[in-house]
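Descriptive analysis of the structure
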Amino acid sequence: MSKKNEKKLDPKELAESLLLSRKNGFQKVSEKDLGKSEKFADAYKIFLDSSKTEREAVRTVVALAEKEGFTAFDPSRTYQAGDRVYVNNRGKALILAVIGKKGCKNGVRISAAHIDSPRLDLKPHPLYEQNDLALFKSHYYGGIKKYQWTALPLSMHGIVVKKDGSVVEIRVGEELGDPQFCVTDLLPHLSADQMQKTLAKAIEGENLNILIGSQPLDCDEGDNLVKLNVMRLLNEKYGITEEDFVSADIEFVPAFHAVDVGFDRSMIGAYGHDDRVCAYPAVMAALDVKVPEETCLTVLADREEVGSDGNTGLNSEFLRYFIADLAQAEGLEPRHVLSRSKCLSADVNAAYDPTYASAYEAANSCFLNCGVCVTKYTGARGKSGTNEAPAEFMGKVRAILEKNDVLWQTGELGKVDGGGGGTVAMYIANLNIDVVDVGVPVLSMHAPFEVISKLDLYMAYKAFLAFFEAK
Ligand code: MN
Ligand code: MN
């Protein structure tokens, strides 16, 4: 109870000092940051178009990093503060490291993103002909809504390893004038049965067949002449035979390029924002950080979209082994370095979408243009399958963001029991490292065309850089 004769409280003043208010970032950030976010977005779009698969992303980033003085890590060498190294894990995952003034005795700072995205992979025996059409059998990778992948221009990316061990690169459908490919869909006129099915069942995984040819080989007799003609063309261009698909990693992805979205050009629409929209700013933070106090790592992982299993995913030991190399070079016990390390798991969250409002709980969702999203936990069914950042680490990260004028927000992945998802956070936390998810809000996540805000993208960069530079 308060005394009656005290000064009357002003609710407006009190609310300002005590309550949360959510403001659109455009009303909060400086002109300078707005200008910088525009430039950052332009470079990001170029990165996206050159990095549509994990292999392409690794190649692009290695080239960028080498230009900035990064060299391939050699565990037998000793490194000094300011040295910049990278570890290329099988061409599909990458670690960039900048050696800090104090090395890793206080632990390392990690920003960990992933560079694989949902897509259609080819089966080992993909090529077939049916009713005078040549097609590829695919096996989708990651969580997709299959109906979104029909009647959409696709490009082909990947490598084929031939019997003699030589490697052939394939990238078709990205350059002007290239042919493109597609999965067909049934016309509405004949879809009476299909339209009765649920979205999950209307397009079957086994029907995601990619149309690749229709012209038979020019000859008078023989079977499967359309298929044979396609194989002849592939052989002419790449020197491969049908059997070579057995030792190939071929991915079909949306063929369109990254574009501005909206009359105000405030957003970017593209394939694969999840998670290149965090990978790119994490890379730029590693490239731009001045000699840091603690050694800083940017990790670009593969296999996140299928659960992080496999030796290029973060459920393997490749990150732990690298940190052990750094620790041993300084005469430190690797487990002590791990337990003192800190990590931002750089992955996207689902931006609130007013068209599907019922899937979200507005007070705990992240919004476009409200900045980088700090996600305390992901998971499903009562916080299962997730790392939850403890209050202490949330507090530290929050303080770093505030101190460095990073526009940030917090958000859960949709409503309780609405579904769920995970990130690499829990695998890194399992190494006894402090981890929290920090990333960019995305609309239409996992769709062939995802949307993000330029402002949020730039704030992710500011967040990762501030984390690396924090004392
Ligand atoms: Mn992701
Ligand atoms: Mn994802």
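Our next topic: the overall build of the protein. Each helix and strand in the protein was counted, giving 11 helices and 21 strands. In terms of overall dimensions, the protein is globule-like: its C-alpha atoms have a radius of gyration of 25 Å, near the 23 Å expected for 471 residues. If one aligns the C-alpha atoms of the protein with their principal axes, the spans along those axes are about 105 × 60 × 40 Å. Sorting the 471 residues of the protein into buried and exposed places 52% on the buried side.

A few words on the domain arrangement of the protein. Each domain of the protein was delimited in the assignment, giving domain 1 (23–117 + 271–469) and domain 2 (119–254). Between the C-alpha centres of domain 1 and domain 2 the distance comes to 33 Å. Each side of the interface is counted separately: domain 1 has 19 residues, and domain 2 has 16 residues. Summing both sides of the interface, domain 1 and domain 2 together bury roughly 1,500 Å²; the carbon and sulfur share of this comes to 45%. In terms of surface lost to domain 2, no three residues of domain 1 exceed Lys52, Arg55 and Pro448, which account for 33% of the buried area on that side. Counting the contacts that link domain 1 with domain 2 gives five salt bridges. Here Arg171 makes a salt bridge to Glu56, at a shortest N to O gap of 2.9 Å. Our enumeration of links across domain 1 and domain 2 arrives at 11 residue pairs in polar contact (both at pLDDT 80 or more). Residue assignment for the side of domain 1 that touches domain 2 shows that the elements contributing at least two residues are helix 2 (31–50) and helix 3 (54–67). Looking at the side of domain 1 that touches domain 2, the element that brings in the most residues is helix 3, giving four residues. Grouping the constituent residues of the side of domain 1 that touches domain 2 by class yields four nonpolar, four polar and 11 charged.

Let's shift gears to the coordination of the manganese ion (ligand 1). Those donors, His114 (NE2), Asp274 (OD), Asp347 (OD) and Asp347 (OD), are the protein atoms that reach the manganese ion (ligand 1), and they lie 2.1 to 2.6 Å from it. Taken as a pair, the manganese ion (ligand 1) and the manganese ion (ligand 2) show a spacing of 3.3 Å, with Asp274 coordinating each metal. In this pair, Asp274 is assigned in helix 6 (residues 273–288) and Asp347 in the loop between strand 15 (342–345) and strand 16 (349–350), connecting sequence segments 73 residues apart. An identical accessibility class is assigned to Asp274 and Asp347; each is buried.

The next subject is the coordination of the manganese ion (ligand 2). In this structure, Asp274 (OD), Glu305 (OE), Glu305 (OE) and His446 (NE2) serve as the protein donors to the manganese ion (ligand 2), at separations of 2.0 to 2.6 Å. Summarised as a motif, the one-chain spacing of the donors to the manganese ion (ligand 2) is D-x30-E-x140-H. Residue classification places Asp274 among the buried residues on the basis of a relative accessible area of 4%.

Let us now look at the pairing of strand 3 (residues 93–98). By the criterion of burial, strand 3 is predominantly enclosed, with six of the six residues buried. Burial along strand 3 is two-sided: Ala93, Ile95 and Ala97 and Leu94, Leu96 and Val98, pointing in opposite directions, are all buried. Across six bridges, strand 2 (residues 84–89) lies against strand 3 in antiparallel orientation. Looking at the pairing, Arg84 lines up with Val98 of strand 3. Where strand 2 hands over to strand 3, the hairpin turn is made up of three residues, of which Arg90 adopts a positive phi near 60°.

Pairing is antiparallel across the open sheet formed by three strands, whose spatial order is 12-13-21. One side of each edge strand has no neighbouring strand; the edge strands of this open sheet are strand 12 (259–261) and strand 21 (450–453). When the angles between neighbouring strand axes are averaged without regard to direction, this sheet yields 35°. As paired elements, strand 13 (residues 267–270) and strand 21 share four bridges and run antiparallel to each other. Each residue of the ladder has a partner; that of Ala270, found in strand 21, is Glu450. Along the sheet face, helix 2 touches strand 12, strand 13 and strand 21 and points at about 0° away from the line of strand 13. Strand contacts of helix 11 (residues 454–469): strand 12, strand 13 and strand 21, with the helix running at about 70° to strand 21, the strand carrying the most contacts.

Turning our eyes to something else, we now look at the sheet that holds strand 9 (residues 182–183). Strands in a sheet are paired, the pairing made by backbone hydrogen bonds, and the direction either parallel or antiparallel. Read from one edge to the other, the open sheet built from seven strands follows the order 8-7-11-5-6-10-9, with strand pairing classed as antiparallel. Edge positions in the sheet fall to strand 8 (167–172) and strand 9, since each of these pairs with one other strand and no more. Bridge count for strand 7 (residues 154–161) against strand 11 (residues 248–254) is seven bridges, and the pairing is antiparallel. Within the sheet, the bridge partner assigned to Met156 lies in strand 11 and is Phe252.

With that settled, consider the environment of Leu297. Among the structural elements, Leu297 can be located in strand 14 (residues 296–301). Put simply, Leu297 and Leu319 are 22 residues apart on the chain and 9.7 Å apart in space, counted from C-alpha to C-alpha. For Leu297, the contacting residues outside a window of four places in its chain are Ile95, Leu96, Ala97, Val108, Arg109, Ile110, Ser111, Leu319, Phe322, Ile323, Leu326 and Phe468.

Let's shift gears to a nonpolar patch on the surface. Among the surface-exposed residues, Leu9, Leu14, Leu18 and Leu19 lie close enough to one another that they form a single nonpolar patch of about 450 Å² accessible area. With respect to the element layout, Leu19 can be found in the loop between helix 1 (11–18) and helix 2.

Let us look at the packing of helix 2 against helix 11. Packing of helix 2 against helix 11 brings their axes to within 8 Å, and their N-to-C directions diverge by 95°. Classified by the interaxial angle, the pair formed by helix 2 and helix 11 is roughly perpendicular. When helix 2 is examined against helix 11, the residues Asp33, Leu34, Lys36, Ser37, Glu38, Phe40, Ala41 and Tyr44 are found in contact with a partner set consisting of Lys454, Leu455, Leu457, Tyr458, Met459, Tyr461 and Lys462. Partitioning the contact of helix 2 with helix 11 into residue classes produces nine nonpolar, one polar and five charged.

Conventions we followed
Residues numbered from 1 in each chain as written. Chains lettered and ligands numbered in written order. Predicted model: local features only at pLDDT ≥ 70, side-chain atom pairs only at ≥ 80, totals over all residues. Heavy atoms only, no water. Helix = DSSP H or I, 4+ residues; strand = E, 2+ residues; numbered from the N terminus. Rg over C-alpha atoms; globule rule 2.2 N^0.38 Å. Buried < 20%, exposed > 50% of the residue type's maximum accessible area, 1.4 Å probe, protein only. Domains from an automatic or database assignment. Contact = heavy atoms within 4.5 Å. Buried area = accessible area lost by both parts, 1.4 Å probe. Salt bridge = Lys/Arg side-chain N within 4 Å of Asp/Glu carboxyl O. Polar contact = N/O pair within 3.5 Å; in protein donor to acceptor, adjacent residues only side chain to side chain. Nonpolar A, V, L, I, M, F, W, Y, C, P; charged D, E, K, R; others polar. Donors = N, O, S within 2.8 Å, 3.2 Å for Na, K, Ca; no water. Pairing = 2+ DSSP bridges. Axes fitted to C-alpha atoms, helices over the stretch in contact; angles between N-to-C directions. Patch = residues over 30% accessible without salt bridge, like charges linked within 9 Å, V, L, I, M, F, W, Y side chains within 5 Å. Areas by Shrake-Rupley, 256 points an atom, 1.4 Å probe, with all protein chains shown as cover. Parallel < 35°, antiparallel > 145°, perpendicular 65-115°, else oblique.

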